[in-house]
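# Summary of the model geometry
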Amino acid sequence: MNDFLPQFIQQLFNGLSLGAIYALVAIGYTMVYGIIGMINFAHGEIYMIAAYIGLVTLSAIGTQSGLPVFVVIGAMLLVAVVLTGVYGYVVEQVAYKPLRSSPRLVALISAIGMSIFLQNWVALGQGARDMAVPSLLPGAFNFHMGDFEVFVPYTRILIIVVAVVLMAALTFYIRHSRMGRASRACSQDMQMANLLGIDTNKVVSFTFILGAVLAAVGGVLIALAIGKLNPYIGFVAGIKAFTAAVLGGIGSIPGAMLGGVLLGVAETMAAAYISSEYKDIVAFGLLVLILLFRPTGLLGKPEVEKV
Amino acid sequence: MKVPFRLNSMVVAFGLAGSMLAGAAQAQNIKIGVVIPATGPLTQYGDMVKEGVDTALEQINAAGGINGNKLEAVIVDDACEPKQGPVAANRVVNAKIHYVVGPVCSGAAIAAAPIYNNEGVVVVTPSATSPALTEGKNFTSVFRTIGRDDQQGPFAAKFIAQTVKPKKVAVLHDKQSYGQGIATAVRDTLKADGINVALFEGINAGDSDYSAVITKLKSAGVDFVYYGGYHPEMGLLLRQSAEQGLKVRIMGPEGVGNPEINAIAGPAVEGMLVTLPADFAGNPKNAAIVKAFKDKKRDPSGSFQMGSYTAVQVIADSIKAVGNDGTKVAKHLHTATFDTPLGKLAWDAKGDLKSYDFQVFNWHKDGSKSPASK
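A short tour of the structure in this document, coming up. (Residues numbered from 1 in each chain as written. Chains lettered and ligands numbered in written order. Predicted model: local features only at pLDDT ≥ 70, side-chain atom pairs only at ≥ 80, totals over all residues.)

### Observations concerning the overall build of chain B
Just so we agree on the cut-off: In this description a helix means any DSSP run of H or I spanning at least four residues, a strand means any run of E spanning at least two, and both kinds are numbered starting from the N terminus. The globule rule used here is 2.2 Å times the number of residues to the 0.38 power, and the radius of gyration it is set against is calculated over C-alpha atoms. Buried means a residue has 20 or more other C-beta atoms within 10 Å of its own C-beta, exposed means 12 or fewer, and partly exposed covers the counts in between; C-beta atoms are placed from the backbone.
The helix and strand tally for chain B stands at 13 helices and 14 strands. Computed over C-alpha atoms, the radius of gyration of chain B comes to 22 Å, within 12% of the 21 Å expected from 2.2 N^0.38 for 374 residues, which places it in the range of a compact globule. Taken along the three principal axes of its C-alpha coordinates, chain B extends 80 × 45 × 40 Å. Looking at chain B as a whole, 52% of its 374 residues are labelled buried.

### Quick look at the interface of chain A and chain B
We apply this condition: It is the C-beta atoms, placed from the backbone, that decide contacts: two residues are in contact if theirs lie within 7 Å. Here the nonpolar group is Ala, Val, Leu, Ile, Met, Phe, Trp, Tyr, Cys and Pro; Asp, Glu, Lys and Arg are the charged ones; every other residue, Gly included, is treated as polar.
On the chain B side, the residues contacting the 30 residues of chain A number 29 residues. Looking at side-chain class alone, the side of chain A that touches chain B contains 13 nonpolar, 11 polar and 6 charged residues.

### Comments concerning the sheet that holds strand β4 (residues 122–125) of chain B
Residue and element names in this part refer to chain B. Put simply, the rule is: Strands qualify as paired when DSSP identifies two bridges or more between them. Convention adopted: a line fitted to C-alpha atoms gives each axis, helices being fitted over their contacting stretch, and angles between N-to-C directions are expressed from 0 to 180 degrees.
A sheet is described by the order of its strands in space; here 5 strands give the open sequence β2-β1-β3-β4-β5, paired in parallel fashion. Of all strands in the sheet, those with a lone pairing partner are β2 (71–77) and β5 (142–144), marking the two edges. This sheet shows a mean twist of 25° between the axes of neighbouring strands, independent of strand direction. The pairing of β4 with β5 spans 3 bridges and is parallel. Along β5, the bridge assignment pairs Val 124 with Phe 143.

### Structural notes on unusual backbone geometry
All names here are of chain B. That bond from Gly 102 to Pro 103 is cis: its omega, -15°, falls within 30 degrees of zero. Tracing the chain through its elements places Pro 103 in the loop between β3 (99–101) and α5 (106–118). The backbone phi angle of Ala 79 is positive, close to 55°, even though this residue is not glycine. By the C-beta count within 10 Å, which is 22 here, Ala 79 ends up buried.

### Observations concerning the packing of helix α5 (residues 154–176) of chain A against helix α8 (residues 200–226) of chain A
Residues and elements named next belong to chain A. Going by this rule: Each angle gets one of four labels, with under 35 degrees taken as roughly parallel, over 145 as roughly antiparallel, 65 to 115 as roughly perpendicular, and the rest as oblique.
The contact between α5 and α8 brings their axes to 9 Å, and the two run at 170°. Compared by their axis directions, α5 and α8 come out roughly antiparallel. The segment α5 lies against α8, with Thr 155, Arg 156, Leu 158, Ile 159, Val 162 and Leu 166 engaging Leu 214, Val 217, Leu 221, Leu 224 and Ala 225.

### Here we look at the packing of helix α6 (residues 149–164) of chain B against helix α7 (residues 177–192) of chain B
Residue and element names in this part refer to chain B. Short version of the rule: Throughout, a crossing is termed right-handed when the near helix is turned clockwise from the far one, and left-handed when it is turned anticlockwise from it by less than a right angle.
Two elements in contact, α6 and α7, have axes whose closest approach is 8 Å; the angle formed by their N-to-C orientations is 45°. Of the possible angle classes, the one that applies to α6 and α7 is oblique. Like other packed secondary-structure pairs, α6 and α7 cross with a definite hand, here right-handed. Of α7, the residues touching α6 (which contributes Asp 149, Asp 150, Gln 152, Gly 153, Pro 154, Ala 156, Ala 157, Lys 158, Ile 160 and Ala 161) are Gly 181, Ile 182, Ala 185, Val 186, Thr 189 and Leu 190. Here the residues of the contact of α6 with α7 sort into 9 nonpolar, 4 polar and 3 charged.

### Description of the nonpolar core
Operational definition: Only buried residues count toward a nonpolar core: Ala, Val, Leu, Ile, Met, Phe, Trp, Tyr and Cys, linked into one set through C-beta atoms within 7 Å.
Judged by nonpolar contacts, the single largest core of 207 residues is most densely connected at Ala23(A), Ala51(A), Val220(A) and Ile315(B). The element best represented in this core is α8(A), accounting for 18 residues. Once residues within four sequence positions are removed from consideration, Ala23(A) is found in contact with Ala163(A), Met167(A), Ala244(A), Ala256(A), Met257(A), Gly260(A) and Val261(A).

### Side note on helix α1 (residues 4–36) of chain A
The α-helix winds at 3.6 residues per turn, so residues separated by three or four positions along the chain end up facing the same way. Residues and elements named next belong to chain A. For clarity, the cut-off: By this rule, a helix spans an expected 1.5 Å times one less than how many residues it contains.
Between its first and last C-alpha, α1 extends 46 Å over 33 residues, near the 48 Å set by a 1.5 Å rise per residue. Within α1, 28 of the 33 residues are buried, which leaves the element mostly enclosed by the surrounding structure. Gly 37 occupies a position one or two residues after α1 and carries a positive phi of about 65°.

### Focus: the pairing of β2(B)
All names here are of chain B. Our working definition: Place the viewer so that the strands point away; then a crossover is right-handed whenever the path from the first strand over the helix to the second strand goes clockwise.
Here strand β1 (residues 30–36) runs beside β2; their pairing, made up of 7 bridges, is parallel. Within β2, the residue paired with Val 34 across the bridge is Ile 75. Read as a crossover between parallel neighbours, the route from β1 over helix α3 (residues 43–62) to β2 is right-handed.

Encoded structure:
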């Protein structure tokens, strides 16, 4: 095909925007795992709740409010981030904190229960059927390359830009802030950090809130870009993001980012050049392959048994 | 709750002794199970079926019911999920209900049909179109008031080949029994008519991002797309196609003909083609029924309302003719011809309609539709 290059660029954009969302959600999984060694299966639901909060905020403002689009999107993000942060905190306090000293499996079951509860909570409150989000940012950048016209919708650019900015900010924050240092200390050795005067409960709560906030941004952005939500979108998104976190090396924040983007691009390319019927097979095949050669994921550190 | 039960059976026993059975039977309602998705993403279809059933029941009961017995609807939710289908069927059987309108979706209907058939429950689905529901099953009590995919698919393909005349077609489907079945029928008929089908591919229902497959459609240079599936995915395909500047007409089966698609696809829905049951609401013969729908603010022109109305009507007519007995009603449905809002209906040995009218519509962004001639 003579239009190979422009088509490839188009698919790359498709994959990157998908991967950026995976990455935003994956960070929540990886941070919680890094600190308390537990998979928070309710994290996908947090993302779904954020998408709903964004939609409710949008309905409250109204699409004909006359406010600039970016103010509306900003308001949606702000409300979603704040409320979802509260959800993240409450989920941790209710479902995980009382189980902090129990075996990991117990907390895992609690997480699955929380996930089912949140799905049905939203299904009861908002109805189980699909809700539509009006498109706020219609249109796309388009340019010709040969005979093929490449379209990059504004919403997708927004996703990529916001994701990159947030990840850079997060990396900076974890490296240089007091709380970030405390988190890193906790992920190395919770008990030791506690002995050195770090309030580990605060760090764990902070981790859940931060994870929820990032998922919230992902949820609102995807609601804007896709325009359709139901209470079950969190499940698939959660599975994909968890996969991304494992792919990148669970516990590693840059790993989650890399894993998300890689998974998004791999899925898209598989759909593009093999068949969309096989895209999940290719994505998960990739996961198996990488774990065969690098059991700790791409950027994960080998787990040293502490004696 | 043991005591009231005993009391109850004692009362019945005394009733029997006093040979007051006739009086008791007369007051009894005849229950009709309405097996629909009352939860889940396809709830809208359940609502459509319920509107049709309710309208029919109100009319029949207002006219005195069947030989003095009122009809009563019992809603059973199967969420349109194949794994819930048998559960719903067991609930119907345990409740000693002999007649069912539904199940709505093919997947759930196929899973549940053997149970209904073995228990002699008469099932009339207004919406399940998969051939697999009846083909080669030798069921005696499963019927439908809608055409089969292998009637609808070729009908759609003929329309594409003779009216749209595209050069290169892509056929997509959602890998589920309804969508894939109909898409396969469309592809095969198009090929037989000499139309170039460049792409035949399944997508995942429930995904939110179809941009990869849309770019692929653009790359392949198709000028017409047929999608076999339901409205949530169709809505996203339309919206994301518009975002990527893919300017093709997209056509779907009646499963995409749902008002919610307007909200999901936005203005991109304009010009979508959809095969629906013919415009029964526009038929002057049905004016009285249409009025009964409209008086209750129900939509008689939706995809399944008239079919559901008809399902209740043929069950009621059969009970009236042969008595309240599932086996006899099933036999009656197989042999008699019924005058219904859908025209004269008769069923073959499999339980499929001998003939059924489809029509192609243009879908508009304000939610209305108009017959598509060109």
